[in-house]
Amino acid sequence: MNDRSFGFATRAIHAGTPPDPVTGARAAPIYQSSAFVFGSTEAAAELFALRGYGHIYSRISNPTVASFEERMASLEGGLGAVAFSSGLAAQLAVVLALARNGDHILCSQNVYGGTVTQFSITLDRMGIGVTFVPIGDLAAMRAAVRPETKLLFVETIGNPAGAIADLETLARFAHENGIPLVVDNTFASPYCCRPIEFGADIVVASATKFICGHGTTVGGIVVDAGRFDYGSGRFPLLSEASRGYHGKVFTETFGEYAFLMRLRAEILRDVGSQLGAHDAWLLLQGLETLPIRMERHIANAAIVARHLEAHPDIEWVSYPGLPSHPDFALATRYLPRGAGSVFTFGIRGGREAGRRFIDALELWSHLANVGDAKSLVIHPASTTHSQLSDDEMRAAGVAPETVRLSVGLEDCDDLLWDIDQALEKAHADRRVSA
Ligand SMILES: *Cc1c(COP(=O)(O)O)cnc(C)c1O
């Protein structure tokens, strides 16, 4: 059995969760325990010295959370994973594991609004600089790299305009410049794209979205490929004696596990942004159906996108799964199973028509989330991107008339019925007066 490499759907159900060795429980048990009894004082000392494997305290690791981490590492094709309390906690941990006061990171311009705020405000207050770069412009990116730059951060499917990252080109760029490529794979999920297969070093994701799949749990994950060489001298936090671990040198002691060990043993230990056991269990339930959910999400999204594109009340549709999208070719290459189910469109009549459209919807829920079984809708300019300046908003691909959809798993006819009746109401006044 060990020689067989199982398929994605099999691993989505089984990876990380053999039957419980003690009770035989087939579903993953929820180990709702803050701490774990040591076998002996000697074993305890070994654990604390990072010489043995085992659980000490659930801020650092927990068996149910470990099942989720192992399954995510398997699905993304990485060496290992560390789970966090949210997607933003996960990506902050990655930055803190590699960068400190005086350092600098590169980030794509086309990222989640919360990422822009976290990087440009909170990291700045900690003395870590960020430059937002156009990821299609390698010359501009090269000009932005500094000796103290520690990573390049991009999204597989950029939020919200759907810009697709050319992962192989970006990985080559990052490695030529001595830094790891970190990819936020939230919108694609490992079903649509596994960035590590295209050269990414670290994958982060908000597990809150498609991984959970039901809008019930906030969580995050970091998966490491274990391939990047942190011993070049550019990453002293990993390659020099750690004050936080009595002089241990992570690259020497842990080899390819150096980054994962620093992430858990120092960042999770000191920041305390761990995932809880019950939340990990809910995310494991979500993962079991990820492949069949994504299939339906993608099928419904394609129907809704084409319906909108043909609708006279719609000015534009920006779905990378449609040939009209500028990154359709990149989507075909990196997301052969489909470009997810989150995309934007512009309604005729601008901001006011957009507002009326959203208020008139009956089935689609107006809220700030994506990747739910339920279909969702939001107006980014007044919500997710409202903290950004007009220039930042334009750079992120958000216009005043932009409406963002997350197409769910309902009967597609019902979704189209709701869109049509809401568009009718959004433009009713003008039709009467015209
Ligand atoms: C939601 C989201 C995040 C943040 O994740 P949380 O779980 O809400 O902290 C980061 N990146 C993307 C692309 C997201 O959609």
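Each value, and the rule that gives it
- Residues numbered from 1 in each chain as written.
- Predicted model: local features only at pLDDT ≥ 70, side-chain atom pairs only at ≥ 80, totals over all residues.
- Heavy atoms only, no water.
- Pairing = 2+ DSSP bridges.
- Helix = DSSP H or I, 4+ residues; strand = E, 2+ residues; numbered from the N terminus.
- Axes fitted to C-alpha atoms, helices over the stretch in contact; angles between N-to-C directions.
- Contact = heavy atoms within 4.5 Å.
- Near = heavy atom within 4 Å.
- Polar contact = N/O pair within 3.5 Å; in protein donor to acceptor, adjacent residues only side chain to side chain.
- Areas by Shrake-Rupley, 256 points an atom, 1.4 Å probe, with all protein chains shown as cover.
- Nonpolar A, V, L, I, M, F, W, Y, C, P; charged D, E, K, R; others polar.
- Parallel < 35°, antiparallel > 145°, perpendicular 65-115°, else oblique.
- Buried < 20%, exposed > 50% of the residue type's maximum accessible area, 1.4 Å probe, protein only.
- Lys, Arg positive; Asp, Glu negative; His and termini not counted.
- Salt bridge = Lys/Arg side-chain N within 4 Å of Asp/Glu carboxyl O.
- Domains from an automatic or database assignment.
- Buried area = accessible area lost by both parts, 1.4 Å probe.

(A) Molecular detail of the sheet that holds strand 1 (residues 80-84). Strand order across the open sheet formed by 7 strands is 1-7-6-5-4-2-3, with mixed pairing between neighbours. The sheet is open, and its two borders are formed by strand 1 and strand 3 (129-133), each paired with just one other strand. Each neighbouring strand pair of the sheet contributes to a mean axis angle of 20°, computed without reference to strand direction. Pairing geometry for strand 2 (residues 104-108) and strand 3, over 5 bridges, is parallel. Looking at strand 3, one finds that Ser108 is bridged to Val133. Against the sheet, helix 5 (residues 113-125) touches strand 2, strand 3 and strand 4 (149-155), its axis set at about 145° to strand 3. Packed onto the sheet, helix 11 (residues 258-271) meets strand 1, strand 6 (202-206) and strand 7 (220-224) and runs at close to 25° relative to strand 1.

(B) Geometry of the site of the ligand. With respect to spatial proximity, the complete set of residues near the ligand consists of Ser86, Gly87, Leu88, Tyr112, Glu155, Asp184, Thr186, Phe187, Ser206, Thr208, Lys209 and Gly219. Between Gly87 and the ligand, the recorded distance is 2.8 Å, taken from a backbone N or O atom to an oxygen atom. Contacts to the ligand include Ser206, whose side-chain N or O atom sits 2.8 Å from an oxygen atom. Protein chains bury 91% of the 380 Å² of accessible surface belonging to the ligand in isolation. In the shell around the ligand, the residues fall into 3 nonpolar, 6 polar and 3 charged.

(C) Focus on the packing of helix 4 (residues 87-98) against helix 11. Relative to each other, helix 4 and helix 11 sit at 110°, their axes nearing to 9 Å. As the angle between them shows, helix 4 and helix 11 are arranged roughly perpendicular. Contacts between helix 4 and helix 11 involve Ala93, Val94, Leu96, Ala97 and Leu98 from the former and Phe259, Arg262, Leu263, Ile267 and Val271 from the latter. When the residues that make up the contact of helix 4 with helix 11 are grouped by side-chain class, the tally is 9 nonpolar, no polar and 1 charged.

(D) Focus on the side chain of Glu401. Residue placement: Glu401 occurs in the loop between helix 16 (390-395) and strand 12 (402-406). In this structure Glu401 is buried but unpaired, with Arg351 as the nearest side chain of opposite charge at 8.1 Å. Apart from residues lying up to four places away in sequence, Glu401 is in contact with Glu315, Trp316, Phe345, Gly346, Ile347, Gly350 and Arg351.

(E) Layout of the domain arrangement of the protein chain. The domain boundaries assigned to the protein chain delineate domain 1 (8-286) and domain 2 (290-433). For domain 1 and domain 2, the distance between their C-alpha centroids amounts to 30 Å. Every contact between the two is made by 40 residues of domain 1 and, on the other side, 39 residues of domain 2. Summed over both partners, the interface of domain 1 with domain 2 comes to about 3,200 Å²; 62% of that surface belongs to carbon and sulfur atoms.

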